[in-house]
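Breakdown of the fold
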Amino acid sequence: MTSLLFSMYCLPPKNEAHGLDGSCLVLAIPRAGRLKTQTIQLLERCNIKLLPDKESGIVHRTFLDGENSKHVAVVFLESKDIPLFVAQGRVDVGITEQYLIGETKAQVESLLELGFGKSSLCVLVPENVGITAVADLAGCRVATPFRHSASRYFDEQLLTDTPTLVSVADSTEVSCRLGLADAAVGVVETEEDLFASGLKKLAVIRESQAVLISNPNSRHANDIRTLHTLLAGIVDANKHMMLEYQIKRENLHLGCKITPGKTSPTLLPLLRDGWVAVRTVILKQETNDVLDQLEGVGADSMSVYNIQNYRA
């Protein structure tokens, strides 16, 4: 089984390439915030060990693939910069937020949705105003750090008078409250965020989550595929649960109809006369419904387990 092992050097030895010269795969991950934490947790579940150092910001890791040893450099960048660095070939592969790909107009290949960092790029308006539709924003001022995405969205709406975009950095939520703008285009992660800011969603421009992206012209395509496969196994595991139950052989066809698995359930013999044990994979979001259905056809001894890694 392929594994990944990362080790950190504050100052790499002079005779050791740091990886930024194209000699090895370069992976960019977010440098701060919740996305950084969740990214590192995902990598650790792939047995990718990160030992970050604030001074160098570069992590060296080793692919252990038989007798072939390869190094990879990991750099910590602002999420909004990662698509540009990947598109220009300065790094080979990166993890960032989906909406930033469109905002930066970066020409990258989206390889895998990672299932965390979920958010929405939205048109927002104050709770206490009479704006009820996007059409009501004709001629209004809209504050946003996402000028390209906002401009493209409003152009598509064919408003009678194009809104005036007001550029802000991280002050989207207070722009309306302080009178800088009548509305805003910003990122919403939770409903609590909206409640605290006194804003409400007028429209969703796009849903977003963390995504693995790559430069399609990278010379390290094989290493990118290996990393992609490792991460995909974890992402798929997060969507599924392992289920074991016992059922009378005469009702086995009913149980298998409820739990067909990805390919086929695994059947195990029991000392319990006339019964069989079933092991299969189910979608996590359907767990309670599946258990209720199995109980309805006489299954018992039902157990559900988390899956560490899953490749169908």
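From a predicted model like this one, the values you see are computed outputs, not experimental measurements.

Each value, and the rule that gives it
Residues numbered from 1 in each chain as written. Predicted model: local features only at pLDDT ≥ 70, side-chain atom pairs only at ≥ 80, totals over all residues. Heavy atoms only, no water. Phe/Tyr/Trp six-rings, centres within 6.5 Å; stacked < 30°, edge-to-face > 60°. Helix = DSSP H or I, 4+ residues; strand = E, 2+ residues; numbered from the N terminus. Buried < 20%, exposed > 50% of the residue type's maximum accessible area, 1.4 Å probe, protein only. Lys NZ or Arg CZ within 6 Å of the ring centre and 35° of its normal. Salt bridge = Lys/Arg side-chain N within 4 Å of Asp/Glu carboxyl O. Pairing = 2+ DSSP bridges. Axes fitted to C-alpha atoms, helices over the stretch in contact; angles between N-to-C directions. Contact = heavy atoms within 4.5 Å.

As a further point, take the packing of aromatic side chains. Taken as a whole, this structure holds two aromatic pairs when the rule is applied. Taking the centre distance of 5.3 Å and the plane angle of 85° together, the rings of Y99 and F146 count as edge-to-face. Residue Y99 is found in helix α3 (residues 98–104), and its partner F146 is found in the loop between β8 (141–144) and α4 (147–157); the two are separated by 47 residues along the sequence. F146 matches Y99 in its accessibility class, with the two residues each being buried. Measuring from centroid to centroid gives 5.6 Å for Y153 and F154, while their planes differ by 65°, and the two rings are edge-to-face. According to the relative accessible area criterion, Y153 is buried, its value standing at 11%. Above the ring of W275, the side-chain terminus of R272 is found at 3.5 Å from the ring centroid.

A positive phi is found at L158, a non-glycine position, where the angle reads about 55°. The topology assignment puts L158 in the loop between α4 and β9 (164–167). L158 gets classed as exposed once you look at its relative accessible area, which sits at 72%.

A pair can form between side chains of opposite charge whenever their charged atoms are brought close. The full count for this structure, using the stated rule, is five salt bridges. In this structure, E189 engages R34 in a salt bridge whose closest nitrogen and oxygen atoms are separated by 1.9 Å. A residue pair is termed long-range when its members are at least 10 positions apart, and E189 in the loop between β10 (183–188) and α6 (191–197) and R34 in helix α1 (residues 33–45) qualify at 155 residues. The exposure class of E189 is partly exposed, given its relative accessible area of 40%. Of the residues examined, R34 reaches a relative accessible area of 52% and is grouped as exposed. Measuring nitrogen to oxygen at the nearest pair gives 2.8 Å for the salt bridge that ties R272 to D300. In this pair, R272 sits in the loop between β14 (266–269) and β15 (275–283) while D300 sits in strand β16 (residues 300–306), placing the two residues 28 residues apart along the sequence. What makes R272 partly exposed here is its relative accessible area of 32%.

Right, let's get into the sheet that holds β9. Spatial ordering of the open sheet is given by β9-β8-β10-β7-β11, a layout of five strands whose pairing is mixed. At either margin of the open sheet sits one strand with a lone partner, and together these are β9 and β11 (199–208). Each adjacent strand pair in this sheet contributes to an overall mean axis angle of 30°, direction not counted. Alignment of β8 against β9, held across four bridges, turns out to be parallel. In the sheet register, A143 faces β9, and the bridge partner there is V166. Sitting on the sheet, α4 touches β7 (119–126), β8, β9, β10 and β11, and the angle it makes with β9 is about 170°.

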